[in-house]
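Close look at the chain arrangement
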Amino acid sequence: AFSKISTGELESEGGVATRVANAKSVLAECRAQAPKTDSKLQAVPGIRTPFKKELYEAALVQAQLIIADLELLLIALHGHKKKHTLTHTQQDASQKSVEAFQEAKGKSQEQQWSHLLIQRKAWAALDQDLQHTIKNSFGVCLAVLNHETEEPLDSAHVDTIRKTSNLITLEGLPEFYAEVSEAAKKEVEDDKGANVTSSPRTRILLAVNALALATQHSAEIAAKSFEHMLYF
């Protein structure tokens, strides 16, 4: 879902909104499986180490928070729609045409908001750090969950996380916010009638905060994973 932010695909088919809906469905299935992962239910435990149910459930909690972060991002970039005055000709058109007109305007605004983010110079570094954190945090979690012996865990994701400093902090965030804030000034001038919740600065603050929170919640998954590793 986060990869679609850079392409500006928010509400379109296959975009962020679609992937958030899919993630919710998968998360519900994973939660339904949680009670079945209790090692006490094994008739014959065998030589494998017990499944790390606590880590599994902790990861699901953070995954839910990441989904919420994505929903916050969607609200920030797409939730506000300016009121558009229709011409006399448009008012005489069918209701279907009017709805199509408003939908087209809404998509135009969605692109404006997303471009305000992704066209900043600092976006590339920020996006790369976000993708890196999410990929490796979930990667190390899966590696630890799938590790069934008492032997040291050998995983590329684990090695990457070990070498990464300040995993919980989104790289380039101050510079990114400063750039976006400057770009938002023109939007403020063009939409002086906007209230607090629809102002560009408020929207950008929500979007940037959502990205920062997603990084923190992903890093928390990595931290929980290391807590459940038998050997470092």
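First, a word on scope: everything that follows refers to the structure included in this document. None of these values were measured; they are calculated from a predicted model. (Residues numbered from 1 in each chain as written. Predicted model: local features only at pLDDT ≥ 70, side-chain atom pairs only at ≥ 80, totals over all residues. Heavy atoms only, no water.)

With that out of the way, let us pick up the nonpolar core. With 50 residues, the main nonpolar core has Phe 2, Ile 5, Leu 117, Phe 176 and Leu 211 as its most contacted residues. For this core, the elements supplying multiple residues, two or more each, are α1 (16-33), α2 (53-78), α4 (95-118), α5 (123-146), α6 (156-163), α7 (173-190) and α8 (200-227). With 12 residues, the top contributor of residues to this core is α2. Beyond its immediate stretch of four places on either side in the chain, Ile 5 contacts Val 16, Leu 73, Ile 118, Trp 123 and Leu 211. (Core = buried A, V, L, I, M, F, W, Y, C linked by side-chain atoms within 4.5 Å. Buried < 20%, exposed > 50% of the residue type's maximum accessible area, 1.4 Å probe, protein only. Helix = DSSP H or I, 4+ residues; strand = E, 2+ residues; numbered from the N terminus. Contact = heavy atoms within 4.5 Å.)

The next subject is the packing of aromatic side chains. Inspection of every chain in the model, using the stated rule, returns 2 aromatic pairs. Taking the centre distance of 5.6 Å and the plane angle of 45° together, the rings of Trp 123 and Phe 176 count as tilted. With a gap of 53 residues between them, Trp 123 in helix α5 and Phe 176 in helix α7 connect regions that are remote in the sequence. In terms of burial, Trp 123 and Phe 176 fall into one category: buried. (Phe/Tyr/Trp six-rings, centres within 6.5 Å; stacked < 30°, edge-to-face > 60°.)

On to the packing of α2 against α5, then. Running from N to C, α2 and α5 point in directions that differ by 160°, and their axes come no closer than 11 Å. As the angle between them shows, α2 and α5 are arranged roughly antiparallel. The way α2 lies across α5 gives a crossing that is left-handed. The residues of α5 that touch α2, namely those facing Leu 55, Tyr 56, Ala 59 and Ile 66, are Phe 138, Cys 141, Val 144 and Leu 145. Its residues assigned to classes, the contact of α2 with α5 comprises 8 nonpolar, no polar and no charged. (Axes fitted to C-alpha atoms, helices over the stretch in contact; angles between N-to-C directions. Parallel < 35°, antiparallel > 145°, perpendicular 65-115°, else oblique. Left-handed = near helix turned anticlockwise from the far one by under 90°. Nonpolar A, V, L, I, M, F, W, Y, C, P; charged D, E, K, R; others polar.)

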